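# Close look at the chain arrangement
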Amino acid sequence: FSGKRRGTPMKHKRNAPSRQEREEFEAYGEYSYAYLHDRQVKEGQPDEPVSPPPAASSAASEKRRQKRHRGVLIKMVVLLAALCILIIVLQETVFRLDAVYVIGLKEHSPQQVVSASGLYKGRNIFTVSEDEIAKNLEKDYSIIYQGMQIEYPSTIYLYVEERKPVAVMRWLGSQYELDAHGMVMSESDSMTLPEGMPLVTGFRVTAVHVGQTLSLRSQKQMDIYCQLLSELSLQEYADEVTEINLSDTENLYLITQEGISVRMGDGEYLRAKVGAIRTYIAYFRQLGTDSGVLDVSIPEDGKFMPER
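Figured I'd write up the structure that's included with this text. This structure is a prediction, so every number in the text was calculated from the model and none was measured.

Criteria and cut-off values
- Residues numbered from 1 in each chain as written.
- Predicted model: local features only at pLDDT ≥ 70, side-chain atom pairs only at ≥ 80, totals over all residues.
- Heavy atoms only, no water.
- Core = buried A, V, L, I, M, F, W, Y, C linked by side-chain atoms within 4.5 Å.
- Buried < 20%, exposed > 50% of the residue type's maximum accessible area, 1.4 Å probe, protein only.
- Helix = DSSP H or I, 4+ residues; strand = E, 2+ residues; numbered from the N terminus.
- Contact = heavy atoms within 4.5 Å.
- Polar contact = N/O pair within 3.5 Å; in protein donor to acceptor, adjacent residues only side chain to side chain.
- Phe/Tyr/Trp six-rings, centres within 6.5 Å; stacked < 30°, edge-to-face > 60°.

## Structural notes on the nonpolar core
- Counting 36 residues, the largest nonpolar core has Phe203, Leu214, Tyr225 and Met264 as its most contacted members.
- Among the secondary structure elements, those contributing two or more residues to this core are β4 (167-171), β5 (174-178), α6 (219-234), β10 (241-245), β11 (252-256), β12 (261-265) and α7 (270-287).
- Not counting residues up to four positions away in its chain, the partners in contact with Leu214 are Met169, Leu178, Gly182, Val184, Phe203, Val205, Ala207, Val208 and Met222.
- In this structure, Phe95, Val102, Val114 and Met148 belong to the second largest nonpolar core, which totals 18 residues.

## Side note on the side chain of Glu258
- Topologically, Glu258 is positioned in the loop between β11 and β12.
- Reaching out from Glu258, the side chain makes a polar contact with the side chain of Thr256 at a distance of 3.1 Å.
- In this structure Glu258 touches Ile281, Arg285 and Asp290, once residues within four positions along its chain are discounted.

## Section: the side chain of Asn124
- Structurally, Asn124 can be placed in the loop between α4 (110-117) and α5 (130-138).
- Since its relative accessible area comes to 12%, Asn124 is described here as buried.
- One polar contact links the side chain of Asn124 to the main-chain amide nitrogen of Phe126, over a distance of 2.9 Å.

## Some words on the packing of aromatic side chains
- Tallied over the full model, the rule gives six aromatic pairs.
- Ring centres of Tyr101 and Tyr157 lie 5.3 Å apart, and the angle between their planes is 20°; this geometry places the pair in the stacked category. Of the two residues, Tyr101 sits in strand β1 (residues 99-103) while Tyr157 sits in strand β3 (residues 155-162), which places them 56 residues apart along the sequence.
- With relative accessibility at 43%, the residue Tyr101 sits in the partly exposed group.
- By relative accessible area, Tyr157 is classed as partly exposed at 21%.
- Every member of this aromatic cluster is reached through a ring pair, and the members are Tyr280, Tyr283, Phe284 and Phe304.

See the structure below:
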């Protein structure tokens, strides 16, 4: 009779794995990832994303950078084209000459000066050159060009001075009117002196042409003429003088309306000398003196010698 109960299952004790089995298990675990990965690929499961190699990433970045540069370049080209179109439109519509004002006229009309200058309404104001304007106005000897001012977008101011005759010269049977700069303004066969203009004598002339500066052998004569006529005009005394003699530039003299001869010495201190003449002649008029010789070669020490 057995002491064990019937029907009770017997328990079998499992032996511990051997060293060989442990090594095989560890080897299996080492390669399990490769095994499972191969199974997933074979069964059609999606593969995990793999990072691209560094060379491919660098090439992609370079392409993106080039694309951005091309975009910036295209925008700049479009912007420049738009600016060019805008400038062209402004030049054709806004910056067109609309008005010209001439400053300094008394005898000439503004239309005469504008026509001589070459300006016209509607001209592109950016094409106006001061050198061109000056050259055009030089062709009209009756006008002295002084300057130009542009007021954008459509206005120009011209500054001029009108030449006017201030003295008379006679040469080879003809009489010529001169302006204060020695420009020959006109020629005449008449020997009658124009009112208010002194007769200039003593010029050593080489050539005379209307519309050109008088040509002399001595430039010093021309310099003294210009300075003296300028002072007489400035002090409003030119019409009180009937004759100016420049034959000797170290011993100038002139004759007043009263008939008094005035010795002026050289061409120095002409402003003071003309001022002295005005003062003395006004005094002589009060005395009723109408002849004699006045010496103002030293302006502050004038001497008068009455005619005997």
